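# Examination of the molecular architecture
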Amino acid sequence: MSAFMLATVKIKDPKKFQEYLSEVQKLSANYGAQLLAKGKTVRLITEGECEHDITIVVNFPDINSLDSLFESEEYRDLIPLRDEGATIVMTSHQMLE
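Residues numbered from 1 in each chain as written. Predicted model: local features only at pLDDT ≥ 70, side-chain atom pairs only at ≥ 80, totals over all residues. Heavy atoms only, no water.

So, about the overall build of the protein chain. Check the secondary structure of the protein chain and you find three helices and four strands. Mapped from its N terminus to its C terminus, the protein chain presents α and β elements in the order β-α-β-β-α-α-β. Against the 2.2 N^0.38 benchmark of 13 Å for 97 residues, the protein chain shows a C-alpha radius of gyration of 14 Å, consistent with a compact globule. Reported as C-alpha extents along the three principal axes, the dimensions of the protein chain are approximately 35 × 35 × 15 Å. For the protein chain, with 97 residues in total, the buried portion stands at 29%. Intrachain contacts of the protein chain at a sequence separation of at least 6 include 78% that bridge at least 24 residues. Counting only carbon and sulfur atoms, one obtains 51% of the accessible surface of the protein chain, whose full area is about 6500 Å². (Helix = DSSP H or I, 4+ residues; strand = E, 2+ residues; numbered from the N terminus. Rg over C-alpha atoms; globule rule 2.2 N^0.38 Å. Buried < 20%, exposed > 50% of the residue type's maximum accessible area, 1.4 Å probe, protein only. Contact = heavy atoms within 4.5 Å. Areas by Shrake-Rupley, 256 points an atom, 1.4 Å probe, with all protein chains shown as cover.)

Here is the structure:
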């Protein structure tokens, strides 16, 4: 059953964030990941606060592939670059039948 990762991103350093994105996209292809959407936050629809600039949705063949990417040594090596470039909140989701 397919799974997806949802990321909300607050950019701190655009150059470092783009470098991180480039590297993680290369790596994630090895895990069957497909970018479904990357969008700029336009406005808040509900009450509350919106503290991110963009949202990213990535599809994976299954939850194990998603977990394997984010638990890999190659991904762990990208974490310092990720944290310098942006504040990112990522959640994993399994598709409902």
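Let us now look at the sheet that holds strand β3 (residues 54–60). In a beta sheet, neighbouring strands pair by backbone hydrogen bonds and run either parallel or antiparallel. Across the sheet, which stays open at both edges, the four strands sit in the order β2-β3-β1-β4 with antiparallel pairing between neighbours. Only two strands of the sheet have a single partner each, and these edge strands are β2 (34–40) and β4 (86–94). Taken over all neighbouring pairs, the strand axes of this sheet differ in orientation by 15° on average, direction set aside. Packed onto the sheet, helix α1 (residues 14–29) meets β1 (3–11), β2, β3 and β4 and runs at close to 30° relative to β4. Across the face of the sheet, helix α3 (residues 73–85) comes into contact with β1 and β4 while running at roughly 130° to β4. (Pairing = 2+ DSSP bridges. Axes fitted to C-alpha atoms, helices over the stretch in contact; angles between N-to-C directions.)

Turning our attention to the packing of aromatic side chains. The geometry of an aromatic ring pair comes down to the distance between the two centres and the angle between the two planes. Going through the model one piece at a time under the given rule, you end up with four aromatic pairs. Pairing F70 with Y75 gives two aromatic rings, centres 4.9 Å apart and planes at 75°, and the pair type is edge-to-face. Taking relative accessible area as the criterion, Y75 reaches 2% and is therefore assigned buried. Three or more aromatic residues joined by ring pairs form one cluster here, namely F17, Y20, F60, F70 and Y75. (Phe/Tyr/Trp six-rings, centres within 6.5 Å; stacked < 30°, edge-to-face > 60°.)

Because each turn of an α-helix spans 3.6 residues, side chains separated by three or four positions end up pointing in the same direction. Looking at helix α2 (residues 63–71), one finds that the buried residues are S65, L66 and L69. In an axial view of α2, the angular spread of the buried residues amounts to 100°, which keeps them on one side of the axis. The outward face of α2, more than 90 degrees from its buried face, is lined by the exposed residues N64 and E71. Among the structural elements, β1, α1, β3, α3 and β4 are those in contact with the buried residues of α2. Between the side-chain oxygen of the N-cap and the backbone nitrogen of N64 there are 3.1 Å, and the N-cap of α2 in question is D62. (Arc of directions from axis to C-beta. Polar contact = N/O pair within 3.5 Å; in protein donor to acceptor, adjacent residues only side chain to side chain.)

Glancing now at α3. Here α3 is 13 residues long and its end C-alpha atoms lie 19 Å apart, about the 18 Å a rise of 1.5 Å per residue gives. At I79, α3 shows its maximal kink, close to 35°; a proline, P80, follows between one and four residues later. Listed as buried for α3 are Y75, L78, L81, R82 and G85. Taken together, the buried residues of α3 touch β1, α1, α2 and β4. (Expected span 1.5 Å × (residues − 1). Bend = angle between axes of the 7 residues up to and from the residue.)

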